[in-house]
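One-letter residues, chain by chain:
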Amino acid sequence: MASCKTPCESCTRECSSRLVDVEDSYKVEASKLRAEVKRLEVKIACLTSAADNPAKAIDGGGKQLRSSYWFGRSNDIGMRALYTERYLNQGLTKEELLTGKPIIGIAQSGSDLTPCNRHHLELAKRVREGIRSAGAIALEFPIHPIQESTRRPTAALDRNLAYLALVEILHAYPLDGVVLLTGCDKTTPACLMAAATVNIPAICLNVGPMLNGWAQGERVGSGSVVWQARELHAAGTIDDDQMMDMVTAGTPSPGHCNTMGTALTMNTLAEALGMALPGSAAIPAPYRERAQAAYETGKQIVEMVHADRKPCDIMTREAFENAIATTTAIGGSTNAPIHLNAIAKHTGVPLDLEDWQEFGFHIPLILNMKPAGEMLSEDYYRAGGLPAVMAELLDAGKLPHPEALTANGRTIGENVQGKQTWDRRTIKAFSEPMMQSAGFLHLTGTLFDSAIMKISVISPEFRKKFLANPHDMNAFECPVVVFDGPEDYKARLETAPITDRTILVMRGVGPLGYPGSAEVVNMHAPGRLLKQGVADLPCIGDGRQSGTSGSPSILNATPEAADGGNLALLRDGDKLRVDLNKRRVDILLSRSELAARREVLEAKGGYHGPPSQTPWQDIYRREVGGLSEGMVFKRAVRFQRVAQKHPAPRDNH
């Protein structure tokens, strides 16, 4: 056919001879066809199954999704319909649920009961958007609340309760992966313990620390300021109103403690283990980067599901050794060994307090942050956060395993390489640390089988008074005053025979005795000594202390008094020898005297704390192990990699 005289580009005639860009048209149509074929392939794969594998829905990589045991039941349409129907009522469609899209849980720890984690109610929206943008479906659910500053008698009771409940949720519902919204102290270990037990793809998102607290031009750290204010109040330096103002100045915004207490320590260690995105732990809660991290975390968990990258692939022995070294470098909480050992037990990784001695003690302290230093969370984040700290360890050859895998599929070494800080006030160079050999000392002796002491918070005054005798360096012998719980301490503090050379002992406050193990071992001197300038007295106990405390206490003594430990035999005026060189604490009494006291104690039925006040306290006491073993439930550690051994529970109808 002859062509028109007028070029087609400007032609107004409708004719069969008009020229078109065939190549571009083909590309568009081919793209549409490929997308439709892919959609049909996924739908057919979901609907087609063999008799011996009736629950086969696949992800984009051809891997069977765990949620298909609920939504891919082509051999039992009745059960498939039952599992699907109620989710449609919240606006989800059959196309979303029945075509092989990954189902991602969002484990929500925020609520009005948990102010430290409450900001997660907003952050979860960005997590959801990240999950959606990566082609998956988000289902948000609540977990048991844990608020350290409010829960009585101690939030430690709730760690194992939250763990047990979360295990059931992750195993019993159609979840292919989960985003763990962590924050306040016990939420992070509870979530990681559950993730390890069930072993489906999981990733942590910290709520983030508060902004820096300020008062009279000075940084005020949440938690740490409480112990300082208590001493000033006891000495009569401040009144009731001033104490309230001083304490609340340390908590100026949403988020968890802005000091390197247990909350930031455990979220930092989640990142060091590889279970959070690099650089995410330190971002303050109100910063825009926190919400951006939430979005990226939502995207990342979907990739983890497709890659089948699970907690037990990440939290290996090598990862735990990295986390131990990191704890020392950041001046982490004395609660870290308890929680990290617990996570390891549920992962099936051998880990004990001697490992902390081997891999952590000789690492230097390089983060200048309260309570071991002077800075706070905003300073830490702006200085580079954990990647900047770990980069120092990496370059010094002191990061035990740079090859350890992390949530984003890269190694920890790759994540932190070249991330050194410009802020040497906040993060010191490895060669110029705040303190050499700053890790936890693992102690033993005749007073207990196991306890720890945080070296990085020993003040110059404490060292001079108790550890600087040229004839007996790093050791001291002193009489004790023994308190049976915090009530006894408060009642007798001002009248007990306490001098500036007295060791304060707190007993009956461990997992069995309290119950739950309370943070009450960090005790201050009586007011009369505080007025004389005596700030630090040695403290020993079978309970814990807040990670925000700067007290160089000897903590977590195991076995505790209520479990037959020798702390139950102590009396006011007995002498103890503390020898840090030998890593021992010994009772300076004869074996015959100790045996006689034990006979009397056992005749009375042993050492007992208060009776259980709730069913859970009773269950807890019957199941829990000692602090040196991570305070885990003894029978719970038998259940590991549950999703691999039992991909789905039995049908419910």
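Residues numbered from 1 in each chain as written. Predicted model: local features only at pLDDT ≥ 70, side-chain atom pairs only at ≥ 80, totals over all residues. Heavy atoms only, no water.

(A) Quick peek at the overall build of the chain. The helix and strand inventory of the chain stands at 24 helices and 14 strands. Here the C-alpha atoms of the chain give a radius of gyration of 29 Å, agreeing with the 26 Å that 2.2 N^0.38 yields for 653 residues. With the C-alpha coordinates aligned to their principal axes, the bounding extent of the chain is approximately 115 × 55 × 50 Å. When burial is assessed residue by residue, the chain has 56% of its 653 residues classed as buried. Accessible surface, the chain as shown: approximately 27500 Å² in total, 52% of it carbon and sulfur. Across the chain, the mean location of the 72 positive side-chain charges is 2 Å away from that of the 75 negative side-chain charges. (Helix = DSSP H or I, 4+ residues; strand = E, 2+ residues; numbered from the N terminus. Rg over C-alpha atoms; globule rule 2.2 N^0.38 Å. Buried < 20%, exposed > 50% of the residue type's maximum accessible area, 1.4 Å probe, protein only. Areas by Shrake-Rupley, 256 points an atom, 1.4 Å probe, with all protein chains shown as cover. Lys, Arg positive; Asp, Glu negative; His and termini not counted. Charge placed at Lys NZ, Arg CZ, Asp CG, Glu CD.)

(B) Region of interest: a negative patch on the surface. Together, D239, D240, D241 and D245 line one region of the surface with negative charge. Relative to the helices and strands, D241 resides in helix α9 (residues 240-248). On the basis of relative accessibility, which here comes to 58%, the residue D241 falls in the exposed class. (Patch = residues over 30% accessible without salt bridge, like charges linked within 9 Å, V, L, I, M, F, W, Y side chains within 5 Å. Salt bridge = Lys/Arg side-chain N within 4 Å of Asp/Glu carboxyl O.)

(C) Up close: helix α15 (residues 353-360). Buried residues of α15: L353, D355, W356, Q357 and G360, and no others. If you follow the buried residues of α15, they end up packed against α13 (317-330), α14 (336-347), β7 (440-443) and β8 (450-454). Of the residues flanking the start of α15, the one acting as N-cap is D352, its side-chain oxygen 3.0 Å from the backbone nitrogen of E354. (Contact = heavy atoms within 4.5 Å. Polar contact = N/O pair within 3.5 Å; in protein donor to acceptor, adjacent residues only side chain to side chain.)

(D) Local environment of the packing of helix α6 (residues 156-172) against helix α23 (residues 615-623). Between α6 and α23, the least distance of the axes is 11 Å, while the angle of their chain directions is 85°. Between α6 and α23, the crossing angle belongs to the class labelled roughly perpendicular. Along its contact with α6, which presents A156, L157, N160, L161 and L164, the element α23 presents W616, Q617 and Y620. Residue classes in the contact of α6 with α23 are distributed as 6 nonpolar, 2 polar and no charged. (Axes fitted to C-alpha atoms, helices over the stretch in contact; angles between N-to-C directions. Parallel < 35°, antiparallel > 145°, perpendicular 65-115°, else oblique. Nonpolar A, V, L, I, M, F, W, Y, C, P; charged D, E, K, R; others polar.)

(E) The arrangement of the pattern of salt bridges in detail. By the definition in use, this model includes 37 salt bridges. The salt bridge partner of E519 is K186, with a shortest N-O separation of 3.8 Å. Of this pair, E519 sits in the loop between β10 (503-507) and α21 (527-530) while K186 sits in the loop between β3 (177-182) and α7 (187-198); the two residues are 333 residues apart in sequence, bridging distant segments of the chain. Both residues of the pair, E519 and K186, count as buried. As a salt-bridge pair, E321 and R317 come within 2.7 Å of each other at their nearest N and O atoms. Residue E321 and its partner R317 are both found in helix α13; the two are separated by 4 residues, about one turn of the helix. For E321, a relative accessible area of 8% gives the class buried. Connected via shared salt-bridge partners are E148, D185, K186, E519 and R544.

(F) View of the state of the cysteines. This structure, assessed with the given rule, holds 0 disulfides. The thiol of C257 is unpaired, and the distance to the nearest cysteine sulfur, on C116, comes to 5.9 Å. C539 forms no disulfide, and the closest cysteine sulfur to it belongs to C478, at a distance of 12 Å. (Disulfide = S-S within 2.5 Å.)

(G) View of unusual backbone geometry. For the bond from R152 to P153, the omega torsion is 5°, close enough to zero to count as cis. By secondary structure assignment, the location of P153 is in the loop between β2 (137-142) and α6. For R583, which is not glycine, the phi dihedral falls at a positive 60°. Position of R583 among the secondary structure elements: in the loop between β13 (575-579) and β14 (584-587). R583 sits in the partly exposed class, given a relative accessible area of 23%. The phi torsion at R641 lies on the positive side, around 50°, for a residue other than glycine. In this structure, R641 sits in the loop between α23 and α24 (642-645).

(H) Here's a closer look at the environment of D176. Inspection of the secondary structure puts D176 in the loop between α6 and β3. Sequence separation between D176 and R66 is 110 residues; the distance between their C-alpha atoms is 5.4 Å. Once you skip the residues sitting within four places of it in the chain, D176 turns out to touch L65, R66, S67, K101, P102, I103, I200, P201 and V305. A distance of 2.8 Å separates the side chain of D176 from the backbone nitrogen of R66, its partner in a polar contact.

(I) Region of the structure containing the nonpolar core. Ranked by internal contacts, the top residues of the largest apolar core, which has 117 residues, are I131 and Y380. The residues touching Y380, leaving out its near neighbours within four places in the chain, are M260, L264, T268, A282, I330, L367, M369, G385, L386, V389, T426 and I427. Among the nonpolar cores identified, the runner-up in size contains 39 residues, and A451, I458, I503 and A568 belong to it. (Core = buried A, V, L, I, M, F, W, Y, C linked by side-chain atoms within 4.5 Å.)

(J) Quick look at the sheet that holds strand β1 (residues 103-108). The parallel open sheet is built from 4 strands, whose spatial order is β2-β1-β3-β4. The open sheet terminates on both sides in strands that have one partner only, identified here as β2 and β4 (202-206). Each neighbouring strand pair of the sheet contributes to a mean axis angle of 20°, computed without reference to strand direction. Contacts from α6 reach β1, β2 and β3 within the one sheet, and its direction differs from that of β2 by about 150°. Of the strands in this sheet, β1, β3 and β4 touch helix α11 (residues 288-307), which is tilted by about 175° from β4. (Pairing = 2+ DSSP bridges.)

(K) Seen up close, the pairing of strand β9 (residues 475-484). When you tally the buried positions in β9, you get 7 out of 10 residues, the bulk of the element. Across 5 bridges, the pairing between β9 and β13 is antiparallel. For E477, the partnering residue across the bridge sits in β13 and is R577. Across 5 bridges, β9 lies against β10 in parallel orientation. Following the sheet pairing, V482 is matched in β10 by V505.

Keep in mind that these numbers describe shape and distance, not what the molecule does.
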